[in-house]
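Listed below are the residues making up each chain.
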Amino acid sequence: MHTLSFSADSHDRVVALMTTNERSPPVRIHVGSDISATTFTANGEYLVSGGNGVRVWLAKDGKEIASMEARSVACLAVSKDGRWIAAGTLWGYVFVWDTETFEQAFTIKKDDEIIYAVDFSPDSTRLVTASSNCTAIVWDVALCRQVQTLQHENLVTAAKYSRQGDRIATNTYVTSVRVWDSNNGRLLVEIQVGVTPWDNAHLLWSNNHLSVISGKTIKSFETSTGSSVWEWPVLDSDYLSCVSFPQHGEIIAYSTKSTVTFWDTSTDTPLDLIQHPEDIFSITHSPDDRFLAIAGKSGEISISGLSHIPNSTPLHSAFQYPPPTSRDLPPTSQALPPISQDLHPNFQDPDIQIDDAALDSWKHDQLENAEAILTAVIHESQNPSYHVLASRALVRTRLQQWDAALVDAEKAIDIQPSVFAFIAKSIAHVGKGEKHKGYRACDIAFKHFHSHVAFLLLVKAIIVFIAGEHRDAISRVDDLIATVHLNSICYVVQAYMYFLLGNSQMERSEFTAAIQSFQHGRAQMRHHTSRTLFVVSLISGWKFDDLGITIRQRLCEAMYATGRTKDAVDCFHQMTGELREEANSRGEQLEWVSDFRQRSSKKLEYLGDSAADTQRYDEALSYYTSALSLSSPSPQGILIKRSKAFLATGSWRLALDDANQVITLDPSSPWGYEMKHAAL
């Protein structure tokens, strides 16, 4: 029997493809459905794509070689020996196919889970899977047997073997990367860094270093200690950007919207651009670095040759030296005033010097009480402190007493200029509709308080947002993220801006725009607690507790409102995974979870019934499966309907599984036995 060679041994045939033309036109593939993942085989000859099914393409001409059935594929991997293809799905299935026949070798089913990542060991004997149930599981491929469980406290969104196979790196949802001994499952080190986006392409092993994509930065860590050894900013990226590392050389590729930029990290210069016909969902280097596959979410793939891109020095050598200094980097924006070493490019917020009782009332939003306490202190003193006047001015801005706040702020400035007095004056002017006067008050503060310039820039961005110039405010925070050190607070503030923007769009029934805003906010969210964030909350009234969960909740509602019920349910599962980690989940959150679960289950069942009535059984199965993932207390009815849909598509074994589940849940159900008889 003739078989295809997926192993690295057939590499020479690929090399020949790239010697005929310095820059050949890309190979175009129209998949015709959503694409969620792509990967090359070890020899670079074939590209595997996943979405609504798994398909194998010849890299040199885009010819389809094979197609395998698998719904809602989330991740892919090809073994190094070319023998196996693995796919993980949003419904908890892991499929493994034998590439000699493209028949399923085995299937793993993890109920009520999402499989975020799969990866083979270098010797192709083991497979690691990462899932939403807070575990990474190692499987023996030959025996289809679980051999290790790597337990986490949050969603595990990536898992990748080291090149030697002796370690496994895992990523938990925006919190940390862990390195494990692959032989005994022992945790070796935990690195506090969030990896975004979530997939194995954004974890790169190189000798004893592990490099990750974190926000707009590539970071490299020494895996024996977890210490940072290298950072590199990825300029102009956004939350949808993808980054791909070559196996050799210093040229990285990253996407922004529909453009891929190649960047030489040794000289800090862009080399080339590739345009794609739609917004890019993933980019992937071939193992020999001779091809780049670019996939758009709607189903367009292009495979470009890279012989015109110089690539001479091993990438890992760049990770062995300190990153370039800020003087070596190009300026990221002209919108910010220069922040030099002398101006402390870290966040140094000013001290709040007021009565403890007033501060406690302020902190708990008892603003009238806080104002009364501060007023009493002022009346008791012949010469009131500028600190107290400035604080009362800020409290009065929260109460929208704009004129009174201005009087307090100006009195405080007359006594002694202070950061808080200028901030209060700025907010009061903006509240009165005098935004340019408000901005000017901030600008004057910059001249007086150099040591607080980063804090003032962040507060000014918030004031610009309050003034209604939302996009300008968000852009200002982008500039700060690229400029200041210890910038995680900027991500949190920007996430809140997107949250507020999405809420206002929801009120105007602009649900599609709201989805984009909430997705932006979710991507920017960081776990961050500091005194600076507390001060920002006092000034603005913005509440950052449980912000990540709240954004997901609103995203679920926006998706539900547009009819994207299945997407809303996927988002819901991720949110409830986070809620399980919160011991002090609020009552209103739990009440919303119960209500949304009930609403979505009914709607998905209705959509499944409508699809089944018109013989669109694949759609019906997708809707019923999504409804069942919501863990209804009485799922028998949906299981029976899904069993019928499986029978209609000829999936007898799956129909039988559902019938047996009905019988287990309700031994007296005649429908369960009827469906079992039909399946048999």
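Residues numbered from 1 in each chain as written. Predicted model: local features only at pLDDT ≥ 70, side-chain atom pairs only at ≥ 80, totals over all residues. Heavy atoms only, no water.

## Some details on the overall build of the chain
Turning to step 1, where the next piece is worked out: Each helix and strand in the chain was counted, giving 20 helices and 28 strands.
Turning to step 2, where the next piece is worked out: When the 680 residues of the chain are sorted by exposure, 55% land in the buried category.
Turning to step 3, where the next piece is worked out: Restricting the contact set of the chain to residue pairs at least 6 apart, pairs at least 24 apart contribute 52%.
Turning to step 4, where the next piece is worked out: When the accessible surface of the chain is totalled, it reaches about 29,300 Å², and 49% of it is carbon and sulfur. (Helix = DSSP H or I, 4+ residues; strand = E, 2+ residues; numbered from the N terminus. Buried < 20%, exposed > 50% of the residue type's maximum accessible area, 1.4 Å probe, protein only. Contact = heavy atoms within 4.5 Å. Areas by Shrake-Rupley, 256 points an atom, 1.4 Å probe, with all protein chains shown as cover.)

## With respect to the pairing of strand β26 (residues 280–285)
Turning to step 1, where the next piece is worked out: By the criterion of burial, β26 is predominantly enclosed, with five of the six residues buried.
Turning to step 2, where the next piece is worked out: Hairpin connection, β26 to strand β27 (residues 291–296): the antiparallel pair is bridged by five residues, and D289 has positive phi, about 65 degrees. (Pairing = 2+ DSSP bridges.)

## Re the packing of aromatic side chains
Turning to step 1, where the next piece is worked out: Within this structure, the stated rule accounts for twelve aromatic pairs.
Turning to step 2, where the next piece is worked out: Centroid distance F422 to F449: 6.4 Å. Interplanar angle 65 degrees. Geometry classified as edge-to-face. Taken together, the residues span a long stretch of sequence, with F422 in helix α7 (residues 419–431) and F449 in the loop between α8 (435–448) and α9 (453–466) at a distance of 27 residues. Judged on exposure class, the residue F422 and its partner F449 are both buried.
Turning to step 3, where the next piece is worked out: One aromatic cluster in this structure is built from F465, Y496, F499, W542 and F544.
Turning to step 4, where the next piece is worked out: Looking at R83, its charged tip hangs above the ring of W84, at a distance of 4.5 Å from the centre.
Turning to step 5, where the next piece is worked out: The side chain of K603 reaches across the aromatic face of Y560, ending 4.4 Å from its centre. (Phe/Tyr/Trp six-rings, centres within 6.5 Å; stacked < 30°, edge-to-face > 60°. Lys NZ or Arg CZ within 6 Å of the ring centre and 35° of its normal.)

## Brief notes about the pairing of strand β5 (residues 64–68)
Turning to step 1, where the next piece is worked out: Alignment of strand β4 (residues 53–58) against β5, held across four bridges, turns out to be antiparallel. Within β5, the position partnered with R55 by the bridge is S67.

## Looking at the side chain of E113
Turning to step 1, where the next piece is worked out: Turning to its location among the elements, E113 is positioned in the loop between β9 (103–109) and β10 (115–120).
Turning to step 2, where the next piece is worked out: In this structure E113 comes out as buried when scored by relative accessible area, which is 8%.
Turning to step 3, where the next piece is worked out: Here the side chain of E113 touches S131 through a polar contact of 3.0 Å, side chain to side chain.
Turning to step 4, where the next piece is worked out: Reaching out from E113, the side chain makes a polar contact with the side chain of N133 at a distance of 2.9 Å. (Polar contact = N/O pair within 3.5 Å; in protein donor to acceptor, adjacent residues only side chain to side chain.)

## Regarding the side chain of N503
Turning to step 1, where the next piece is worked out: For N503, the location among the structural elements is in helix α11 (residues 488–507).
Turning to step 2, where the next piece is worked out: Note on N503: relative accessible area 15%, which makes it buried.
Turning to step 3, where the next piece is worked out: Beyond its immediate sequence surroundings of up to four residues, N503 is in contact with F518 and R554.

## Points about the sheet that holds strand β2 (residues 35–40)
Turning to step 1, where the next piece is worked out: Ordered by their spatial adjacency, four strands build an open sheet running β2-β3-β4-β5, and the pairing between neighbours is antiparallel. The open sheet terminates on both sides in strands that have one partner only, identified here as β2 and β5. Strand-to-strand, the axes of this sheet are offset by a mean angle of 20 degrees, without reference to chain direction. (Axes fitted to C-alpha atoms, helices over the stretch in contact; angles between N-to-C directions.)

## Structural notes on helix α5 (residues 386–398)
Turning to step 1, where the next piece is worked out: Compared with an ideal rise of 1.5 Å per residue, which puts 13 residues at 18 Å, α5 spans 19 Å between its outermost C-alpha atoms and is within 8% of the ideal.
Turning to step 2, where the next piece is worked out: Taken across its 13 residues, α5 has twelve buried, putting it largely inside the fold.
Turning to step 3, where the next piece is worked out: Residues of α5 that are buried: H387, V388, L389, A390, S391, R392, A393, L394, V395, R396, T397 and R398.
Turning to step 4, where the next piece is worked out: The elements touched by buried residues of α5 are α3 (356–363), α4 (367–380), α6 (402–415), α7 and α13 (531–540).
Turning to step 5, where the next piece is worked out: Put simply, S385 is the residue that caps the front of α5, since its side-chain oxygen is 3.0 Å from the backbone nitrogen of H387. (Expected span 1.5 Å × (residues − 1).)

## Thoughts on the nonpolar core
Turning to step 1, where the next piece is worked out: If you look at the biggest cluster of nonpolar residues, it comprises 108 residues, and the most contacted ones within it are I423, V493, M497, F544 and L547.
Turning to step 2, where the next piece is worked out: Ignoring anything within four residues of it in the chain, the contact list for F544 reads V492, V493, Y496, L533, V536 and S537.
Turning to step 3, where the next piece is worked out: Of all hydrophobic cores here, the second largest spans 17 residues; its members include L58, A66, V78 and W97. (Core = buried A, V, L, I, M, F, W, Y, C linked by side-chain atoms within 4.5 Å.)

## Notes on the pattern of salt bridges
Turning to step 1, where the next piece is worked out: Scanning all chains against the criterion turns up 26 salt bridges.
Turning to step 2, where the next piece is worked out: With its nearest N and O atoms 2.7 Å apart, the salt bridge here joins R392 to D408. Here D408 lies in helix α6 and R392 lies in helix α5, a separation of 16 residues in the sequence.
Turning to step 3, where the next piece is worked out: A residue is classified by how much of its surface remains accessible, and R392, at 8% relative accessible area, is buried.
Turning to step 4, where the next piece is worked out: Given a relative accessible area of 1%, D408 falls into the buried group. (Salt bridge = Lys/Arg side-chain N within 4 Å of Asp/Glu carboxyl O.)

## Looking at the packing of α7 against α9
The description of two helices packed together rests on the angle between their axes and the distance between the axes.
Turning to step 1, where the next piece is worked out: Packing of α7 against α9 brings their axes to within 10 Å, and their N-to-C directions diverge by 15 degrees. One element, α7, and the other, α9, form an angle in the roughly parallel class. For α7 against α9, the interelement crossing comes out right-handed. Between α7, through V419, I423, S426, I427 and V430, and α9, the contact on the second element is made entirely by F455, L456, V459, I463 and I466.
Turning to step 2, where the next piece is worked out: Looking at side-chain class alone, the contact of α7 with α9 contains nine nonpolar, one polar and no charged residues. (Parallel < 35°, antiparallel > 145°, perpendicular 65-115°, else oblique. Left-handed = near helix turned anticlockwise from the far one by under 90°. Nonpolar A, V, L, I, M, F, W, Y, C, P; charged D, E, K, R; others polar.)

## Examining unusual backbone geometry
Turning to step 1, where the next piece is worked out: In the Ramachandran plot, S72 falls in the positive-phi region, its phi being about 55 degrees despite a non-glycine side chain.
Turning to step 2, where the next piece is worked out: Topologically, S72 is positioned in the loop between β5 and β6 (73–78).
Turning to step 3, where the next piece is worked out: Take S72: its relative accessible area is 21%, and that puts it in the partly exposed class.
Turning to step 4, where the next piece is worked out: Look at S509: it is not a glycine, yet its phi comes out positive at around 60 degrees.

## Observations regarding the environment of A495
Turning to step 1, where the next piece is worked out: Its location among the elements puts A495 in helix α11.
Turning to step 2, where the next piece is worked out: In this structure A495 comes out as buried when scored by relative accessible area, which is 0%.
Turning to step 3, where the next piece is worked out: With residues up to four places along the chain from it excluded, the contact list for A495 reads G521, Q524, M525, L547 and I551.

## A short note on the environment of Q400
Turning to step 1, where the next piece is worked out: Mapped onto the elements of the fold, Q400 is located in the loop between α5 and α6.
Turning to step 2, where the next piece is worked out: Sequence separation between Q400 and I427 is 27 residues; the distance between their C-alpha atoms is 9.5 Å.

## Overview of the sheet that holds β9
Turning to step 1, where the next piece is worked out: The strand order across the open sheet built from four strands is β6-β7-β8-β9, with neighbouring strands paired in antiparallel fashion. The outermost strands of the open sheet, each flanked by one partner alone, are β6 and β9. Direction aside, the axes of adjacent strands within the sheet are offset by 20 degrees on average.
Turning to step 2, where the next piece is worked out: With five bridges connecting them, strand β7 (residues 84–89) and strand β8 (residues 93–98) associate as antiparallel partners. Each residue of the ladder has a partner; that of I85, found in β8, is W97.

## Observations concerning the packing of helix α12 (residues 511–524) against helix α14 (residues 547–561)
Turning to step 1, where the next piece is worked out: Two numbers describe how α12 lies on α14: the axes approach to 9 Å, and their chain directions differ by 155 degrees. Put simply, α12 runs roughly antiparallel to α14. As α12 runs across α14, the sense of the crossing is left-handed. Across from F511, A514, I515, F518, Q519, G521 and R522 in α12, the residues of α14 making contact are I551, R552, R554, L555, A558, M559 and A561.
Turning to step 2, where the next piece is worked out: The residue inventory of the contact of α12 with α14, partitioned by class, reads nine nonpolar, two polar and three charged.

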